[in-house]
Amino acid sequence: MATAYERFNLHATSEKFYVEACDDNAKDVLVIDRVSTEMTLAGVGDIPPSGVTRSICGIMGTIRLVAGMYLIVITRKRKVGNLLGHTVWKAVEFDLISYKKTILHLTENQIQDNTTFLSMITSILNTDGFYFCTDYDLTHTQQRLANTSPDFQEMSLLERADQRFVWNGSLLREFLAQPELHKFVFPIIHGFIVMKPCCINGKIFEWILISRRSCFRAGVRYYVRGIDSEGHAANFVETEQIVQYNNGRASFVQTRGSMPFFWSQRPNLKYKPKPQISTATNHMDGLQRHFDSQVLIYGKQVILNLVNQKGSELPLEQMFARLVNSVENGQIKYLAFDFHKECSKMRWHRLQILVDAVAGMQDEFGYFMLSSDGTVVAQQTGVFRSNCMDCLDRTNVIQSLLARRSLQSQLQRLGVLHVGQKIEEQAEFEKIYKNGWADNANACAKQYAGTGALKTDFTRTGKRTQWGLIMDGWNSLIRYYKNNFSDGFRQDSIDLFLGNYTVDEMDVSTPLQLQKDWKFLTLPIIMLVAFSMCIISLLIAGENWTETMAYVLFWASAGLITATIILLNGKEFVNVPKLVQKEKMD
């Protein structure tokens, strides 16, 4: 496999960027012309002494904004651990460097738009969870890597990567066309990785959890639901649990993703907007495309649908069940489990009902395993595809239980656990395991919903707590605020970063300049003034209570009427995406 360089110096002059590879015996220098944007290779002797030099950890890519091209570099990284002897890094800090030295050629509106676009890119880079490896392919599971051809193994990391999980794919388009430049860049995944050395029965092994978020149909909680016309599901995540011991290793893969038909749930100031199932699209076509690709990649599919089987979630569950039954594909099995109903009143032990129900299928699917001499001794022939409404909280709880059951078998087969021993009895490892899965839940939730996950007290401790309920309530309030008043910006940021929206320097205006309707500014001010006057009237009340109550009732009525109008027109008051037309995300 053609690996990428790991250490770099960036030399900047007024005309060019010189990215010097600093690995042992490396002599290549990537030259980027700041005027023509052309990229070429040179030698160390071509670096001018007048350049401003700084150390960087890698190149994220390039992007065109209103002010021209920008180079995005990684300025700080942190070691996560070693995977089969390869160092896995987390990208921690970044920098955006403009090709152009001034922005004097821009109008005031263009400068404002460029500043907004820069803040969008920065907000994505500041979203925790970017990981990379310069000499190993993080985008593929252990099983996919073991089943590759010799030709595939000779490709560069950029060429062989699973494009579903390359979050800087759009940023590397300029590099992709020039194979000689591939050693200067590497694919970066977004999601979560934890790598922990563990010990059971005096035997030291490595426990690893990797969640890869798909960059297809990526977005935020309420603006990206269901699937697109290509069959890509919203919030699709591939989670792989790996254990390494004595040069042998085992892997268990699960997936999660939004219910794969056409539905939406636009924010409208209500705590839980009512989901809408599209009546103008062919659901079967999209669902068929989704599962065709899933079966091709992962084998058999067992769908675990954890949504409520009553209220606003019921029509979604019924639609999903009806569509899967209509497919009549023996490779796909559907199982509904009303998580909230079964676990109501703190009866979390009832989750074992679902685990027991799918135990036979889990044994049939198995897991991937390599012996210490590199021989494949077992393959995973199917996956559990779990979902709830957001594919976050309920989903993560179930995935952690299924992963533990698989790990129990793996550790016994590898010789770490004795016959009859249970993982649950290994207190030190259980703590590592539960915290790892809870951290995975938090990472995926922050990236999609804007806050940490709910129900992580159960994942961490194995039981539901009163404090956990309080924290869930707090996170739910934060989600409500973000989903209604900041997620439009977050969605625009993701679309810009992933190349779903591209900036044209020649355009004099961008969608950012679209103005809100007059009601958006006027009505909230009237409501605030009315409620403020109501409070003031009470505070300065004199002896004439009749007059005071008249003022209070007048201003309270004005405030309530205005608030009612705002709620009835809720969709006009939420923060909506501007860059990609909403119908493209339905």
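Residues numbered from 1 in each chain as written. Predicted model: local features only at pLDDT ≥ 70, side-chain atom pairs only at ≥ 80, totals over all residues. Heavy atoms only, no water.

(A) Main features of the side chain of E20. Relative to the elements of secondary structure, E20 occurs in strand β2 (residues 16-21). Among buried charged residues, E20 stands out as having no salt bridge; its nearest opposite-charge side chain is R7, 8.9 Å away. Among residues more than four places away in sequence, those in contact with E20 are R7, F8, N9, H11, D28, V29, V44 and I47. (Helix = DSSP H or I, 4+ residues; strand = E, 2+ residues; numbered from the N terminus. Buried < 20%, exposed > 50% of the residue type's maximum accessible area, 1.4 Å probe, protein only. Lys, Arg positive; Asp, Glu negative; His and termini not counted. Salt bridge = Lys/Arg side-chain N within 4 Å of Asp/Glu carboxyl O. Contact = heavy atoms within 4.5 Å.)

(B) Region of the structure containing the packing of helix α6 (residues 283-298) against helix α7 (residues 314-327). Where α6 meets α7, the axes come as close as 10 Å, and the angle between the chain directions of the two elements is 70°. Taken together, the axis directions place α6 and α7 in an arrangement best described as roughly perpendicular. Contacts between α6 and α7 involve H283, M284, L287, Q288 and F291 from the former and M319, F320, L323, V324, S326 and V327 from the latter. Tallied by class, residues from the contact of α6 with α7 come to 8 nonpolar, 3 polar and no charged. (Axes fitted to C-alpha atoms, helices over the stretch in contact; angles between N-to-C directions. Parallel < 35°, antiparallel > 145°, perpendicular 65-115°, else oblique. Nonpolar A, V, L, I, M, F, W, Y, C, P; charged D, E, K, R; others polar.)

(C) Structural context of the pairing of strand β4 (residues 39-43). Pairing of strand β3 (residues 28-33) with β4, which is carried by 5 bridges, proceeds in the antiparallel orientation. When the bridges of β4 are listed, L30 appears paired with L41. Remark: 5 residues form the turn of the hairpin made by β3 and β4, two consecutive strands paired antiparallel; T37 in that turn has positive phi of roughly 70°. (Pairing = 2+ DSSP bridges.)

(D) Looking closely at helix α1 (residues 108-125). Relative to the 26 Å expected for 18 residues at 1.5 Å per residue, α1 spans 26 Å between its end C-alpha atoms, a close match to the ideal helical length. Among all positions in α1, only Q110, D113, N114, F117, M120, I121, I124 and L125 are buried. Buried residues of α1, seen end-on, are gathered within an arc of 135° and therefore sit on one face of the element. Exposed side of α1, more than 90 degrees from the buried face: E108 and Q112 are the residues found there. (Expected span 1.5 Å × (residues − 1). Arc of directions from axis to C-beta.)

(E) Seen up close, the pattern of salt bridges. Within the structure shown, the criterion is met by 25 salt bridges. Residue K90 pairs with D128 through a salt bridge whose shortest N-O separation is 2.9 Å. With K90 in strand β8 (residues 86-98) and D128 in the loop between α1 and β9 (130-132), the pair connects residues that are 38 residues apart, well separated along the chain. Of the residues examined, D128 reaches a relative accessible area of 52% and is grouped as exposed. The partner of R350 in a salt bridge is E342, and the shortest N-O contact between them spans 2.7 Å. Put simply, R144, D162, R164, R212, E238 and E240 are held in one network by salt bridges that share partners.

(F) The arrangement of the pairing of strand β7 (residues 68-83) in detail. The pairing of strand β6 (residues 58-65) with β7 spans 7 bridges and is antiparallel. Along β7, the bridge assignment pairs G61 with I72. Hairpin connection, β6 to β7: the antiparallel pair is bridged by 2 residues. Where β7 hands over to β8, the hairpin turn is made up of 2 residues, of which L84 adopts a positive phi near 55°.

(G) Just empty space enclosed by the protein, in detail. If you walk through the whole model with that rule in mind, you get 1 cavity of 30 Å³ or more. As a volume, the largest cavity reaches approximately 40 Å³. (1 Å grid on protein atoms, 1.4 Å probe; cavity = no way out; pocket = protein on both sides within 12 Å on 5 of 7 lines; lining within 4 Å. Points joined across faces, edges and corners; volume = space filled by probe spheres on them.)

(H) Structural detail: the environment of E154. By secondary structure assignment, the location of E154 is in the loop between α3 (150-153) and α4 (157-160). By relative accessible area, which is 63% here, E154 ends up exposed. Taking C-alpha positions, E154 is 48 Å from Q513, a pair spaced 359 residues apart along the chain.

(I) Summary view of the packing of aromatic side chains. Per the stated rule, a full pass over the model turns up 19 aromatic pairs. Between F132 and F186, the aromatic rings sit 4.5 Å apart at their centres with planes inclined by 10°, giving stacked as the arrangement. Here F132, found in strand β9, pairs with F186, found in the loop between α5 (173-176) and β10 (189-200); they are 54 residues apart in sequence, far enough to count as distant. The same class applies to F132 as to F186, namely buried. With a centroid separation of 5.0 Å and an interplanar angle of 75°, the aromatic rings of F554 and W555 are classed as edge-to-face. Overall, F554 belongs to the exposed group, its relative accessible area being 51%. On the accessibility criterion, W555 (23% relative accessible area) is partly exposed. Members of the aromatic cluster, each reached through a chain of ring pairs, are F205, W207, F429, Y433 and W437. Looking at K77, its charged tip hangs above the ring of W89, at a distance of 3.9 Å from the centre. (Phe/Tyr/Trp six-rings, centres within 6.5 Å; stacked < 30°, edge-to-face > 60°. Lys NZ or Arg CZ within 6 Å of the ring centre and 35° of its normal.)

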